[in-house]
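Reading the structure
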Amino acid sequence: MSCTNIMVAGTGNALHPYRSQVGVFIEHGGDMFLVDVGCFVPNILARKGVEPYEVDHVIVTHGHTDHYCGLQQLVFLKTFAQKNPKINLYTVPGAMGLLKALVNSVHYSQILETTYHEVVPGSRLSIGSMRINVFEAKHSVEAISVSVHAGDAKIVISGDTAPNEVFREESKGANLAIHEASLTSDQEGSREAQWHTTVASAIRQVSGSDLGVLYHLSPDSEKEARELQNTQGKIIVPDDGVSFKLC
Ligand SMILES: [Zn+2]
């Protein structure tokens, strides 16, 4: 059985001054895809030795710009390199028009074979031998989370969401559970906590998995997460581009 490589390419929220906006790269058996593509995700892939134009599947969890602002760069790189000129884009119905407009805004994007796939909670996708289940996130707009089955590995990725029982269930027994931690714990009960998760809640959300990864960090939530990382165990607060290998 071949291994699964996971790179948490982007780990910051929309306004983090030195982290890229989010994106998670998964490769198994030569097939690869991204879950979200934040502004600098293509650059971080390249920095870590993955040619961005090789990626031809991108799942965008929702229509907030920080989750797809790297798509324009990815499309541009594919047209510029004129290698692997195809891309499959998966997103919720409410965000599809945004992605189409963005792709069409790139010069020569018509040379790409672009396929758009609407996904909703309950959708099941196949990329190579990988199986991806889509489930609902609790966010301010229509949004999804995903669980990925790659060989014997299971990886669950939240996107933007308030704490959600479905995620907790999905992440039980998963090898890796990647959850947003946008807020500090003293923001529990705030208006923002209706659609984002605090560090303390994010740690609870991933507690059933072998290893929890916190992302979509603000400078303040990052500080708290790093402090708790040392006391909680099984929690990682990665820098951009940190990789995991599951075999
Ligand atoms: Zn969002």
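In case you missed it, the structure is sitting above this.
Let me begin by describing the structure that accompanies this report. (Residues numbered from 1 in each chain as written. Predicted model: local features only at pLDDT ≥ 70, side-chain atom pairs only at ≥ 80, totals over all residues. Heavy atoms only, no water.)

Let's talk about the sheet that holds strand β9 (residues 144-150)
Definition in use: Strand pairing is assigned whenever DSSP identifies at least 2 bridges connecting the two strands. Helix and strand assignments follow DSSP, with helices taken as H or I runs no shorter than four residues and strands as E runs no shorter than two, numbered in order from the N terminus.
The mixed open sheet is built from seven strands, whose spatial order is β7-β8-β9-β10-β11-β12-β13. At either end of the open sheet lies a strand with only one pairing partner, and these are β7 (124-127) and β13 (235-236).

Some details on unusual backbone geometry
Even without being glycine, Asp-36 reaches a positive phi, approximately 70°. Phi angles above zero are rare outside glycine, and Tyr-108 is one such case at about 70°. Along the chain, the position of Tyr-108 falls in the loop between α3 (93-104) and β6 (113-118).

A word on the side chain of Asp-160
Using the following cut-off: Between buried and exposed lies partly exposed: a residue is buried under 20% and exposed over 50% of the maximum accessible area for its type, with that area taken using a 1.4 Å probe on protein chains only. Neither His nor the chain termini are counted; the positive set is Lys and Arg, and the negative set is Asp and Glu. We count a salt bridge whenever a side-chain nitrogen from Lys or Arg sits within 4 Å of a carboxyl oxygen from Asp or Glu. For the purposes of these results, a polar contact is taken to be a pair of N or O atoms within 3.5 Å, where, inside protein, one atom must be able to donate a hydrogen and its partner to accept one; residues adjacent in sequence count only when each atom of the pair is a side-chain atom. Every residue pair with non-hydrogen atoms within 4.5 Å of one another is taken to be in contact.
Mapped onto the fold, Asp-160 is located in the loop between β10 (153-157) and α4 (165-171). Within the buried core, Asp-160 has no salt-bridge partner, and the shortest N-O distance to an opposite charge, that of Arg-191, equals 14 Å. Separated by 3.1 Å, the side chains of Asp-160 and His-216 make a polar contact. Not counting residues up to four positions away in its chain, the partners in contact with Asp-160 are His-62, His-67, Ala-137, His-139, Ala-143, Glu-180, Trp-195, His-196 and His-216.

Some details on the nonpolar core
Heads up, the rule is: Residues enter a nonpolar core if they are buried and are Ala, Val, Leu, Ile, Met, Phe, Trp, Tyr or Cys, with the set joined through side-chain atoms within 4.5 Å.
Counting residues in hydrophobic clusters, the biggest one holds 30 residues, and the most contacted among them are Ile-6, Ile-26, Phe-33, Ile-155, Ile-157 and Ile-178. No other element matches β9, which puts four residues into this core. In contact with Ile-6, not counting residues within four places along its chain, are Val-24, Phe-25, Ile-26, Ile-155, Leu-176, Ile-178, Val-242, Ser-243, Phe-244 and Leu-246. Grouped together as the second largest cluster of nonpolar side chains are 24 residues, Met-32, Leu-34, Val-58 and Leu-71 included.

Note that all results are geometric; they support no functional claim without further evidence.
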